[in-house]
Amino acid sequence: MSDAWDLLVQAYGAAPGITEDILARPQVGIWAAHTLRRLRNGPDPVPLWLDVGYLHALAAASAVRAGLTFELDIPARHRTAVLPTVGAASVPLDVEVVRVRARKGHVDMETGARTVRCRPGDPDWHEPIVIEVRADGVDLRVELLDRDLYRDLRGPSSPQPLSGPEIAGWRADLARAWELLVREQPSRALTITGIVRTLAPVPRRERFRPLSASGTEAFGGILLSQPDDTLQLAVTLVHESQHQKLGALSHLLTLCEADDRLRYYAPWRDDPRPLPGILQGAYAFAGITQFWRVRRQQAPPGERAAAEFEFALWRRQTLGVLRVLATSGRLTGHGQRFVDTLHAELKACQEDHAPPAALDAAHAVALDHRAMWRGHNICLDPADHDALAAAWQHRASAADAVFAVGAAKVRAEPPVGLLDARAVLCRYLLFDPDAFNRLRATPDELGERVAGATAADLALVAGDVDRARAGYLRELRQDPLSVHGWVGLGLTQVDQLADPATRALLGRPELVLAVVQGLRSRGSAADALDPLELAGWVGEGLRDRQLDTVDPAGWLAV
């Protein structure tokens with residue numbers, strides 16, 4: 001280890017800018033955080049050298065770029081030895097140590113079996129994948145990380161080499177997304193150029209369900225799935241650059257007091273989130289709201305309805321979260337000023353006109369996600385299940401039964417819920433009506449195309465409310481504990497928010513589910529009940545409750 005440190009010092013002395021460039025790379029932050037956690041947490045089946053030895057790779061890469069003559073061992077894992085920003089060598093599976101030799105500008109990597117020449121022409125040597133795009137004189141330069149073990153925020157991961165066509169696709173997507181950002185949102189584009197340095201691609205996901213992530217340990221790095229299209233990539237760059245900015249600020253200022261026991265509702269996540277995560281999301285989606293605010297004015301006529309929907313949805317959702325943050329009682333002085341500023345910006349967006357169709361769609365999607373989240377995540381005491389079921393069986397006062405329910409808690413780590421299935425279908429309808437019609441033509445294949453979606457959902461999004469209601473009632477007869485079915489039934493009456501059944505299904509579905517669970521525990525058949533009658537009874541106990549009420553105190557996690 002001392003040899004690596006000495007070489008790193010020499011490289012810094014010869015070329016400090018180069019060494020700082022390498023050490024500031026996002027993957028170095030991921031490696032450092034992972035290795036420190038490993039040292040703190042104790043035994044690990046992976047030999048320590050394979051993690052700690054990454055320092056050797058950093059020293060060797062710095063020395064190579066500084067033009068030094070040296071020899072140093074670096075680790076190899078998963079058939080790969082990496083010199084960050086210099087390149088990677090493919091090595092035999094059983095090789096864990098590679099000797100790097102640099103002389104007179106030539107670099108070789110010796111594996112014992114053979115020597116890899118670190119230059120073009122050697123089939124086992126892979127140059128960094130660097131993409132440079134320019135629009136209206138504004139440049140973006142990023143490296144695609146496909147082989148570095150520490151490119152993924154979620155932990156060390158084996159190489160996933162990109163093919164030639166995949167690299168070409170990323171170049172084309174970035175060029176188009178960059179042109180859109182520079183043309184329509186130049187100030188955001190300039191911000192992105194100063195932040196984003198690496199992209200760690202993962203395979204394409206289901207349409208309208210992209211994956212992207214950033215971390216405070218890896219400033220300048222983004223993990224992202226191959227985008228559906230140019231617009232999605234542009235939104236992702238805005239989204240993740242917002243996270244990067246707030247992550248950097250959070251290293252300088254404490255904005256909120258974290259309490260790991262508490263969780264909050266985030267309308268962009270399926271799981272309950274701690275307050276710092278809520279703050280991060282609010283800032284990211286404030287940027288996304290502003291993106292759509294501009295985009296809806298620039299979009300071609302055929303894309304305008306979709307842009308109006310996204311603007312109306314994220315304006316509404318982000319403002320709701322900012323209200324929770326502002327009243328949480330856990331913001332510091334810096335945090336309060338930060339949230340107040342965001343709130344003022346989003347409040348100004350409220351003055352913008354949005355078409356009624358966009359507002360209606362955003363309203364339904366927002367209620368859907370919040371109700372699904374409550375149904376999946378909120379836990380009541382089993383005694384409350386029993387009491388609610390007994391009150392229902394005796395048709396006692398719903399108001400008294402609901403009032404007697406104790407404090408709710410939420411699951412800290414709930415199972416995957418796929419809470420956005422109807423939102424995905426809504427986006428199909430708005431962004432690609434032809435694709436939506438193809439989904440309707442082949443409903444038996446829907447689950448393969450949109451996980452979690454049903455034929456009833458297709459009917460609902462298409463406006464066939466009667467067919468949708470019949471589908472959700474069938475679903476509930478088969479599974480009386482289906483959160484998807486109960487909330488879907490409520491959405492068939494989304495234009496009747498004063499109706500007690502709608503109020504229960506979209507406002508407090510966990511109470512309806514609690515009655516069903518209580519009936520089962522009491523040995524009563526739950527599949528024979530009338531869902532709308534039960535929901536109406538619960539709703540009678542919620543007459544003074546609003547559907548959009550929030551809990552700024554958060555929920556205790558279990």
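Everything below is about the structure shown above.
Along each chain, residue indices are assigned from 1 in the same order as the chain's sequence is written. Restriction of local features to residues with pLDDT of at least 70 applies here, the model being predicted, together with a cutoff of 80 or more for giving and counting side-chain atom pairs; totals for whole chains, interfaces and linings are based on all residues. To obtain the side-chain values, all non-hydrogen atoms of the structure were included, while hydrogens and water were left out.

With respect to the side chain of Ser62
Next up, step 1: Under the scheme used here, helices are H or I runs from DSSP no shorter than 4 residues and strands are E runs no shorter than 2 residues, and both carry numbers assigned from the N terminus. Take Ser62: it is sitting in helix 5 (residues 54-66).
Next up, step 2: Contact criterion: two residues are considered in contact whenever any of their non-hydrogen atoms come within 4.5 Å of each other. Residues in contact with Ser62, not counting those within four places in the same chain, are Leu8, Ala11, Ile18, Thr19 and Ile22.

A word on the packing of helix 12 (residues 356-377) against helix 22 (residues 509-521)
Next up, step 1: The angle between two axes is taken between their N-to-C directions and runs from 0 to 180 degrees, where each axis is a line fitted to C-alpha atoms and a helix contributes only its stretch in contact. One can describe the packing of helix 12 onto helix 22 by two numbers: an axis separation of 8 Å at closest approach and a directional angle of 40°. The two elements helix 12 and helix 22 meet at a crossing, and its hand is right-handed. Residues Ala371, Arg374 and Gly375 of helix 12 pack against Pro509, Glu510 and Leu513 of helix 22. Crossing handedness is defined as follows: a turn of the near helix away from the far one that is anticlockwise and smaller than a right angle gives a left-handed crossing, while the clockwise case is right-handed.

Some thoughts on the sheet that holds strand 5 (residues 106-110)
Backbone-to-backbone hydrogen bonds pair the strands of a sheet. The strands run either parallel or antiparallel.
Next up, step 1: For two strands to count as paired, DSSP must find a minimum of two bridges between them. Judged by pairing direction, the sheet is antiparallel, and its four strands sit side by side in the order 1-4-5-6 without closing on themselves. Two strands close off the open sheet at either side, each with one partner strand: strand 1 (70-75) and strand 6 (115-117). Across the sheet, the axes of successive neighbouring strands diverge by a mean angle of 25°, strand direction being ignored.
Next up, step 2: Inspection of the sheet shows strand 5 paired to strand 6 by three bridges, in the antiparallel sense. Bridging across to strand 6, Asp108 finds its partner in Arg117.
Next up, step 3: Lying on the sheet, helix 5 is in contact with strand 1 and strand 5; it crosses strand 1 at an angle near 145°.

A word on the pattern of salt bridges
Next up, step 1: What counts as a salt bridge is simple: a side-chain nitrogen of Lys or Arg found within 4 Å of a carboxyl oxygen of Asp or Glu. One pass over the full model with this rule turns up 42 salt bridges.
Next up, step 2: For Arg103, the salt bridge is made with Glu71, and the minimal N-O distance between the two is 2.6 Å. Of this pair, Arg103 sits in strand 4 (residues 97-103) while Glu71 sits in strand 1, placing them 32 residues apart in sequence.
Next up, step 3: Look at the salt bridges and you will find they share partners, linking Glu71, Asp73, Arg99, Arg101, Arg103 and Glu110 into a network.

Some words on the sheet that holds strand 14 (residues 378-379)
Next up, step 1: Overall, mixed pairing links the four strands, which are arranged 13-16-15-14 in an open sheet. A single partner strand is all that each edge strand has here, and the edge strands are strand 13 (262-263) and strand 14.
Next up, step 2: Bridge analysis of strand 15 (residues 409-410) against strand 16 (residues 555-557) gives two bridges, and the strand direction is parallel. Each bridged residue has a counterpart across the sheet, and for Val410 the counterpart in strand 16 is Ala557.

Focus on the pairing of strand 9 (residues 138-144)
Next up, step 1: In terms of residue burial, strand 9 counts as a mostly covered element, since five of its seven residues are buried.
Next up, step 2: Inspection of the sheet shows strand 8 (residues 129-135) paired to strand 9 by seven bridges, in the antiparallel sense. Bridge pairing links Ile129 to Leu144 in strand 9.
Next up, step 3: Connecting the antiparallel pair strand 8 and strand 9 is a turn made up of two residues, with Asp136 showing a positive phi of about 50°.
Next up, step 4: Examined bridge by bridge, strand 9 and strand 10 (residues 198-202) share two bridges and lie parallel to one another. If you follow Glu143 over to strand 10, its bridge partner there is Thr198. Each residue is placed in one exposure class: buried if its accessible area under a 1.4 Å probe, protein chains only, is under 20% of its type's maximum, exposed if it is over 50%, and partly exposed if it falls in between.

What to know about empty space enclosed by the protein
Next up, step 1: A pocket here means an open set of points on a 1 Å grid, computed over the protein atoms alone, that has protein on both sides within 12 Å along at least five of seven lines. A cavity is instead a set of points where a 1.4 Å probe fits but cannot get out; residues with an atom within 4 Å of a point line either one. Grid points are joined across faces, edges and corners, and a volume is the space filled by probe spheres set on the points. If you walk through the whole model with that rule in mind, you get three cavities of 30 Å³ or more.
Next up, step 2: One number sums up the size of the largest cavity: a volume of about 150 Å³.
Next up, step 3: Taken together, 13 residues make up the lining of the largest cavity; nearest its centre are Pro75, Arg77, Thr80, Val82 and Leu149.
Next up, step 4: Among the secondary structure elements, those contributing two or more residues to the lining of the largest cavity are helix 5 and strand 2 (80-83).
Next up, step 5: Classes in brief: Ala, Val, Leu, Ile, Met, Phe, Trp, Tyr, Cys and Pro nonpolar; Asp, Glu, Lys and Arg charged; the others, Gly included, polar. Here the residues of the lining of the largest cavity are counted per class, giving nine nonpolar, two polar and two charged.
Next up, step 6: Reported here for the second largest cavity is a volume of approximately 60 Å³.
Next up, step 7: Together, 14 residues line the second largest cavity, and Ile30, Arg151, Thr198, Gly221 and Ile222 are the ones closest to its centre.
Next up, step 8: Sorting the residues of the lining of the second largest cavity by element identifies helix 3 (26-41), strand 10 and strand 12 (221-225) as the ones contributing at least two each.

So, the packing of helix 6 (residues 164-184) against helix 8 (residues 230-252)
Next up, step 1: At a minimum axis separation of 8 Å, helix 6 and helix 8 run at an interaxial angle of 70°. With respect to each other, helix 6 and helix 8 are oriented roughly perpendicular. Crossing angle aside, the handedness with which helix 6 passes helix 8 is right-handed. Mapping the contact onto sequence places Trp170, Asp173, Leu174, Arg176, Ala177, Leu180 and Leu181 in helix 6 and Thr230, Leu231, Leu233, Ala234, Leu237 and Val238 in helix 8.
Next up, step 2: Of the residues belonging to the contact of helix 6 with helix 8, the class tally is ten nonpolar, one polar and two charged. An angle below 35 degrees is treated as roughly parallel, one above 145 as roughly antiparallel, one from 65 to 115 as roughly perpendicular, and anything else as oblique.

Examining the packing of aromatic side chains
Next up, step 1: Aromatic pairs are defined between Phe, Tyr and Trp rings, using the six-membered ring for Trp, whenever the two ring centres lie within 6.5 Å; interplanar angles under 30 degrees are classed as stacked, those over 60 as edge-to-face, and all others as tilted. The tally for this structure, following the rule as stated, stands at twelve aromatic pairs.
Next up, step 2: Relative to Phe338, the ring of Tyr283 lies with its centre 5.4 Å away and its plane at 50°, an arrangement referred to as tilted. With Tyr283 in helix 9 (residues 275-298) and Phe338 in helix 11 (residues 333-350), the pair connects residues that are 55 residues apart, well separated along the chain. As far as the burial class goes, Tyr283 and Phe338 line up, both buried.
Next up, step 3: Between the aromatic rings of Phe291 and Trp292, the centroid separation amounts to 5.3 Å while the plane-to-plane angle is 90°, which identifies the pairing as edge-to-face.
Next up, step 4: For Phe291, a relative accessible area of 0% gives the class buried.
Next up, step 5: The class of Trp292 is buried, set by a relative accessible area of 5%.
Next up, step 6: A ring has a charge above it when a Lys NZ or an Arg CZ is no more than 6 Å from the ring centre and no more than 35 degrees off the ring normal. Sitting over the ring of Trp392, Arg395 keeps its end group 3.6 Å from the ring centre.

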